[in-house]
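# Geometric and topological summary
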Amino acid sequence: MKNLLILGTSLFLLSGCSGNWGWYVVDPTTPSGFNNLKFMASGAIYTIQMSLTAIAISVVVGLLVALPGLSEKRGWRVFNRTYVEIVRAVPVLVLILWVYYGLPAITGITLGVFWAGVFALALSDSAFQAEIFRAGIQSIGRGQYEAAQSISLNYRDTMRYVILPQAIRRILPALGNQFVYMLKMSSLVSVIGMQELTRKANELVVAEYRPLEIYTILVLEYLVLILIVSAGVRWLERRLMGDEV
Amino acid sequence: MTTSQTETKPIISMENVSKHFGDFQALKNVNLDVALGERVVVCGPSGSGKSTLIRCINRLERHDAGRITVDGTELTNDAAMEKVRGSVGMVFQQFNLFPHLTILENLCLGPRRVLGLSPKDARDRALTYLERVQIRDQADKYPRQLSGGQQQRVAIARSLCMEPRILLFDEPTSALDPEMIAEVLEVMTELAGSGMTMIVVTHEMGFARRVADRMVFMDQGEIVEVGPAEEVFSAPKSKRFAQFINQILNH
């Protein structure tokens, strides 16, 4: 009797589950499920392109903003602080909307969805990159600058050959974090119609009414991308550290 | 001996030089002339201003009063220093090698970027000086793979690669284990014999007696005693210097 009760409860729960989940919508063994998966995955290329372009730009801009922050001249430091504080204060989503809808109204420059997204993501991230670079450069001891000075290296060469190569090794984990962050934030560009992963998932949900399954796949898509990035950053760390061991 | 100052114009001249760090006065009206080829050893208790003294000569510190003239140029601003930067090399207590570069790369960086030597010429020059500090076989290693004594010899070679007229040493053996001090002093002694103008801040009194043309003793930001090495050692004029020698030799 007791066993029967347990069996009955289990069956009820199981049927309950199967009633809530409808994996057929993303079942690769059926033609429609396979097509849906293909549709979802087709957004990956834009997510990757956007994130890569944005991170590349934000690293360069971040460095250019960080250097004045280390200057002895107050004016340069004020520029650095102002940039960082203002840009950092704007939510990414707001920045995306502002660049896409606001920028054309003010400047007359209309950016396509892709470049508006890249611009907003890069701008937002550059403030964080600047802080990371500043911390990394400041962590290099004074002795390195003095040694560079004692062999007459100028500022540019000191930075290029002595300070930055050491600073970049130290901030690589933080840069990796920012890259992961960028991949995730790129999902917000879906609001202005960029056909990246999140947008594709949203469109499929509207057509199929299966949010649970589709968003679960979306989570997995981001997870895979981010695991690949993490592995890449670790590989880079090992490669750069390798020559110091 | 090149102790006679009147005959040649000094290559380094300090007149009434003062330097403050906040409220603390590290140098008080210091006067010192160094002739070309002269070897000067500076000693004194810690905090006496001896490091500050030589750091002012290559403007790692900016003096706030007085005049410093190096190789004919008065150090009035950073631009003036740039003119004579190449004449002055420096060896640091903590070596300050570039940890991410190999020994050879450490040595070639200056000659390549500053002097504009070709990769081959820079390499040849680097190897010559590595040979001179007896460390040529370590050329492709990284600094951290070398002992402290070897690293300091590399640092000396790195300075020599720029072929300076003056070489400043800021306590070059203070960070070394006792067994490594000798190998560094040996290189410095050899260098002194070659006619290089040297100012050495050190507590190595044996080295000072052997090598120095003149001894400078500093205390509390002032030059208390200065004179030919043998003279000041055998008959210190000031009480403070006599005490200092006693402490060093008995330690």
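Here the structure is a predicted model, which means the values were calculated and not measured.

Definitions and limits used
- Residues numbered from 1 in each chain as written.
- Chains lettered and ligands numbered in written order.
- Predicted model: local features only at pLDDT ≥ 70, side-chain atom pairs only at ≥ 80, totals over all residues.
- Heavy atoms only, no water.
- Helix = DSSP H or I, 4+ residues; strand = E, 2+ residues; numbered from the N terminus.
- Rg over C-alpha atoms; globule rule 2.2 N^0.38 Å.
- Buried < 20%, exposed > 50% of the residue type's maximum accessible area, 1.4 Å probe, protein only.
- Contact = heavy atoms within 4.5 Å.
- Lys, Arg positive; Asp, Glu negative; His and termini not counted.
- Charge placed at Lys NZ, Arg CZ, Asp CG, Glu CD.
- Buried area = accessible area lost by both parts, 1.4 Å probe.
- Salt bridge = Lys/Arg side-chain N within 4 Å of Asp/Glu carboxyl O.
- Polar contact = N/O pair within 3.5 Å; in protein donor to acceptor, adjacent residues only side chain to side chain.
- Nonpolar A, V, L, I, M, F, W, Y, C, P; charged D, E, K, R; others polar.
- UniProt positions renumbered as here; feature names shortened; annotations may be inferred.
- Pairing = 2+ DSSP bridges.
- Axes fitted to C-alpha atoms, helices over the stretch in contact; angles between N-to-C directions.
- Phe/Tyr/Trp six-rings, centres within 6.5 Å; stacked < 30°, edge-to-face > 60°.
- Core = buried A, V, L, I, M, F, W, Y, C linked by side-chain atoms within 4.5 Å.
- Domains from an automatic or database assignment.

Of regular secondary structure, chain B possesses 9 helices and 10 strands. Its C-alpha radius of gyration of 18 Å places chain B within 12% of the 18 Å reference for a compact globule of 251 residues. Burial analysis of chain B (251 residues in total) assigns 56% to the buried set. In chain B, of all internal contacts separated by at least 6 residues, the share reaching a separation of at least 24 is 65%. If the 29 positive side-chain charges of chain B are averaged to one point and the 32 negative ones to another, these points end up 3 Å apart.

Contacts between the two partners involve 26 residues from chain B and, on the opposite side, 22 residues from chain A. Note on chain B versus chain A: buried area summed over both sides is about 2100 Å², and carbon and sulfur give 53% of it. Applying the counting criterion to the chain B and chain A interface returns 4 salt bridges. At the boundary of chain B and chain A, one finds 7 residue pairs in polar contact (both at pLDDT 80 or more). Of the residues contributing to the side of chain B that touches chain A, the split by class is 12 nonpolar, 6 polar and 8 charged.

In this section: the UniProt feature "transmembrane region" (unreviewed entry) in chain A. Residue and element names in this part refer to chain A. Per the UniProt record, the feature "transmembrane region" (unreviewed entry) sits at residues 43-70, 106-124 and 214-236. As annotated, residues 43-70 comprises 93% helix and 0% strand, and the C-alpha atoms at either end are separated by 40 Å. Secondary structure content for residues 106-124 is 74% helix and 0% strand, while the C-alpha to C-alpha distance between its ends is 19 Å.

Turning our eyes to something else, we now look at the sheet that holds strand S1 (residues 12-21) of chain B. Residue and element names in this part refer to chain B. Taken together, the 4 strands give an open sheet; going across it, the order is S2-S1-S4-S5, and neighbouring strands pair in antiparallel fashion. Edge positions in the open sheet fall to strand S2 (24-34) and strand S5 (73-74), since each of these has one partner strand only. The sheet contact formed by S1 and S2 spans 7 bridges and is antiparallel. Paired with Val17 across the strands is Val30, a residue of S2.

Moving on: the sheet that holds strand S8 (residues 197-201) of chain B. All names here are of chain B. Overall, mixed pairing links the 6 strands, which are arranged S6-S7-S8-S3-S9-S10 in an open sheet. Taken across any chain shown, the strands that pair with only one partner, and hence form the sheet edges, are strand S6 (88-91) and strand S10 (222-228). Put simply, the sheet's adjacent strands are angled 15° from each other on average, direction ignored. Where strand S3 (residues 39-43) meets strand S9 (residues 214-219), 4 bridges bridge the pair, whose relative direction is parallel. In the strand pairing of S9, Val42 is matched with Val216. Contacts from helix H1 (residues 50-57) reach S3, S6, strand S7 (166-170), S8 and S9, with the element oriented near 150° to S7.

Residue and element names in this part refer to chain B. By the alternation rule, side chains of S6 split into Val88 and Met90 and Gly89 and Val91, which are all buried. Note: S6 against S7, 4 bridges, orientation parallel. Bridged to Val88 within S7 is Ile166.

The relation between two aromatic rings is expressed through the spacing of the ring centres and the mutual angle of the planes. Considering all chains together, one arrives at 8 aromatic pairs over all chains under this definition. Consider the rings of Phe79 of chain A and Tyr83 of chain A, whose centres lie 6.3 Å apart with planes at 45°: the pair is tilted. Highlighted residues: Phe79 of chain A and Tyr83 of chain A, both in helix H4 (residues 74-89), separated by 4 residues, approximately one helical turn. Phe79 of chain A gets classed as partly exposed once you look at its relative accessible area, which sits at 40%. Under the relative-accessibility criterion, Tyr83 of chain A is labelled buried at 19%. On the basis of an interplanar angle of 45° and a centroid distance of 5.2 Å, the ring pair of Phe217 of chain B and Phe244 of chain B is categorised as tilted. You can see Phe217 of chain B sitting in strand S9 and its partner Phe244 of chain B sitting in helix H9 (residues 239-250), a full 27 residues away along the chain.

The next thing to look at is the nonpolar core. All names here are of chain B. The biggest cluster of nonpolar side chains holds 53 residues, and the ones touching the most others in it are Leu130, Ile156, Phe169, Met188 and Met215. Element by element, the count of residues in this core is highest for helix H6 (residues 178-193), at 8 residues. Counting the residues that make up this core, at least three belong to each of domain 1 (1-87 + 166-250) and domain 2 (97-163). If we skip the residues at most four places from it in the chain, Met215 touches Val41, Cys43, Met205, Ala208, Glu225, Val226, Gly227, Ala229, Val232, Phe233 and Phe241.

With that out of the way, let us pick up the domain arrangement of chain B. Where the parts come together, the accessible area they lose is often given as the size of the interface. Residue and element names in this part refer to chain B. Considered domain by domain, chain B is made up of domain 1 (1-87 + 166-250) and domain 2 (97-163). Taking only C-alpha atoms into account, the centre of domain 1 sits 25 Å from that of domain 2. Contacts between the two partners involve 15 residues from domain 1, matched on the other side by 13 residues from domain 2. Both sides of the domain 1 and domain 2 interface together cover about 1000 Å² of buried area, and 66% of this is carbon and sulfur. Taken together, domain 1 and domain 2 are joined by 2 salt bridges. With a shortest N-O distance of 3.2 Å, Glu190 and Arg132 are connected by a salt bridge.

Right, let's get into the side chain of Ser186 of chain A. Topologically, Ser186 of chain A is positioned in the loop between helix H8 (155-185) and helix H9 (197-208). Setting aside its immediate chain neighbours within four residues, Ser186 of chain A contacts Thr47, Met50, Ser51, Leu121 and Glu196 of chain A.

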